[in-house]
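Spelled out from the first residue to the last, the chains are:
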Amino acid sequence: MSVAWRKVGFVVAALVALGLAGCGSGLSEEDVEERAEARAQEIASQMVEEQKMASGDGMMMAESGDRLRLVRERGKVICASRNDVPGYGYLDPSSGSNVGFDIDLCHALAAAVLGDPNAIEIRLITAAERGPTIQSGEVDMLVRTVTWTTSRDSQWGNYAQTMFYDGQGFMVRKDLGLSSALDLKGASVCVTQGTTTELNLQDFSNQNSLDIEALTFEDTDAVLAAYEGGQCDAFTNDRSQLAALGTALENRSDHVILPETISEEPLGPVVPHGDDQWFDIVKTVMGILIYSEAYSVTSDSVPTVKTGSTKVDRLFGLEGAFGQESLGLSQTVAQDVIRAVGNYGEIYDRNLGSGGINLPRENGRNALWANAPCTDCPKGGQIYAAPLR
């Protein structure tokens, strides 16, 4: 029954009850009002319970804590992501598994709430499907190179933490002889539709009177194929993705990434609106990854007995606490997470660094805040999280 029809039933019940006074029931008007109020409260309670029961996989949680209960009853964490961009989310040719920086964030969450990093389901979605997917609440986390913007934060879901700082750029063929994005006047540019990338391209063209023709495609594979097939003069995306996707080009040396960065693209995981506890859990898990690197604790050096360092012992549940109990997590949740996936630096290195697509990190924005001297702030070292205490 729809909410509208339940409201109709609410009104009808109240009217029937009030009508008893004029039907020779023998009840006083005060008795009728009390009965009507009691019936109204009963119906209202039923409506709330029905909404909770309907919250399953395809609807947002009604109260804080429902998402955690649902995940544990289901036995897996469902993440919306991708498999078409090396470094972030792609199919490992040797194992056939979906791997990458974003995928590891999902593994970390599963290790925290289920004690099993492999208890995940990756739902592959297009860029255009990101908003509707997280709005519906059908997934527990969206982690698909998603830029944090104010409208998305208010309309899509809650952004938990910036885990990678990026910016939009352009790739062109060397034989065009272009040295700047400002040379793209009248050019055709391939771009993924329904993204901030498409909007930024339009803004850049308008601001500089470039009359760029945007050729839009639904997914990144199609954009790259169109560019490589000569349908457009340039290809635009986040600079890290240009570097990653460039590895798939037949002759990578024939292409160059132009020097301009035309936007700010803070990327991070998103959770559905409506469950503060789940939002806090995801932020905390991301913080565990970041602080473990800051404290030089790796997957093969996770402490299980007191180390004598108060901050390390608190993080790993050996002394004191940082709110694990109120979040519904184990006291030693950080041990489970770091042992399973490693710290932020380990995740970065194997996917985006030397073990992956080889994006430099040292002295850049994606270095830890702890590694950036204040004279360089905020030019570098912007990976940071709320203190775990």
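Here the structure is a predicted model, which means the values were calculated and not measured.

Quick look at the overall build of the chain now. Broken down by element type, the chain carries 14 helices and 15 strands. Residue burial in the chain is summarised as follows: out of 389 residues, 48% are buried. Expressed as a percentage of contacts within the chain between residues at least 6 apart in sequence, the contacts between residues at least 24 apart total 68%. Of the roughly 17,800 Å² of accessible surface on the chain, a fraction of 50% belongs to carbon and sulfur atoms.

On to the packing of aromatic side chains, then. Enumeration according to the criterion identifies 11 aromatic pairs in this entry. Judged by centre distance (6.0 Å) and plane angle (10°), the rings of Trp-148 and Tyr-159 are stacked. Here Trp-148, found in the loop between strand E6 (141-142) and helix H6 (150-155), pairs with Tyr-159, found in strand E7 (residues 158-159); they are 11 residues apart in sequence, far enough to count as distant. Here the aromatic rings of Trp-369 and Tyr-384 are separated by 4.9 Å at their centres, their planes lie at 90°, and the arrangement is edge-to-face. Of this pair, Trp-369 sits in the segment after helix H14 (344-351) while Tyr-384 sits in the segment after H14, and the two are 15 residues apart along the sequence. According to the relative accessible area criterion, Tyr-384 is partly exposed, its value standing at 42%. Three or more aromatic residues link up through ring pairs in this structure, and these residues are Tyr-88, Phe-101, Phe-164, Tyr-344 and Tyr-348.

Further remarks concern the packing of helix H10 (residues 276-294) against helix H13 (residues 333-341). Between H10 and H13, whose axes approach to 10 Å, the crossing angle comes to 75°. Here H13 runs roughly perpendicular to H10, going by the angle between their axes. Contact residues: Ile-288, Leu-289 and Ser-292 in H10; Val-333, Ala-334, Val-337, Ile-338 and Val-341 in H13.

Moving on, we get to the nonpolar core. Nonpolar side chains in soluble globular proteins tend to end up buried together. Among the nonpolar cores identified, the biggest contains 71 residues, and Val-113, Leu-289 and Val-337 are the most heavily contacted of them. When residues of this core are sorted by domain, at least three fall in each of domain 2 (66-164 + 267-371) and domain 3 (168-263). Apart from residues no more than four positions distant in its own chain, Val-337 is found in contact with Ala-108, Ala-111, Ala-112, Ile-288, Leu-289 and Gly-342. Counting residues in hydrophobic clusters, the runner-up holds 13 residues, among them Val-191, Leu-201, Phe-204 and Ala-234.

What follows concerns the confidence of the model for the chain. On average, the chain scores 86 in pLDDT, and the residues at 70 or more come to 82%. Below a pLDDT of 50 lies the segment residues 1-25, which in the model reaches 18 contacts outside its immediate sequence neighbourhood of four places, other chains included. Counting interchain partners and residues more than four positions distant, the pLDDT-below-50 stretch residues 43-60 has 34 contacts.

Our next topic: the sheet that holds strand E13 (residues 255-257). Note: strands within a sheet are paired through backbone hydrogen bonds, in either parallel or antiparallel orientation. Taken in spatial order, the 5 strands make up an open sheet running E11-E10-E12-E9-E13, and their pairing is mixed. At either margin of the open sheet sits one strand with a lone partner, and together these are strand E11 (213-217) and E13. Ignoring which end each strand starts from, the neighbouring axes of this sheet average 30° apart. Here 2 bridges tie strand E10 (residues 188-192) to strand E12 (residues 234-238), and the two strands are oriented parallel to one another. Opposite Val-189, over in E12, you have Ala-234 as the bridge partner. Each of strand E9 (168-173), E10, E11 and E12 touches helix H7 (residues 196-207); the most contacted strand, E9, lies at about 80° to it.

Rules used in this analysis
Residues numbered from 1 in each chain as written. Predicted model: local features only at pLDDT ≥ 70, side-chain atom pairs only at ≥ 80, totals over all residues. Heavy atoms only, no water. Helix = DSSP H or I, 4+ residues; strand = E, 2+ residues; numbered from the N terminus. Buried < 20%, exposed > 50% of the residue type's maximum accessible area, 1.4 Å probe, protein only. Contact = heavy atoms within 4.5 Å. Areas by Shrake-Rupley, 256 points an atom, 1.4 Å probe, with all protein chains shown as cover. Phe/Tyr/Trp six-rings, centres within 6.5 Å; stacked < 30°, edge-to-face > 60°. Axes fitted to C-alpha atoms, helices over the stretch in contact; angles between N-to-C directions. Parallel < 35°, antiparallel > 145°, perpendicular 65-115°, else oblique. Core = buried A, V, L, I, M, F, W, Y, C linked by side-chain atoms within 4.5 Å. Domains from an automatic or database assignment. pLDDT = per-residue confidence, 0-100. Pairing = 2+ DSSP bridges.

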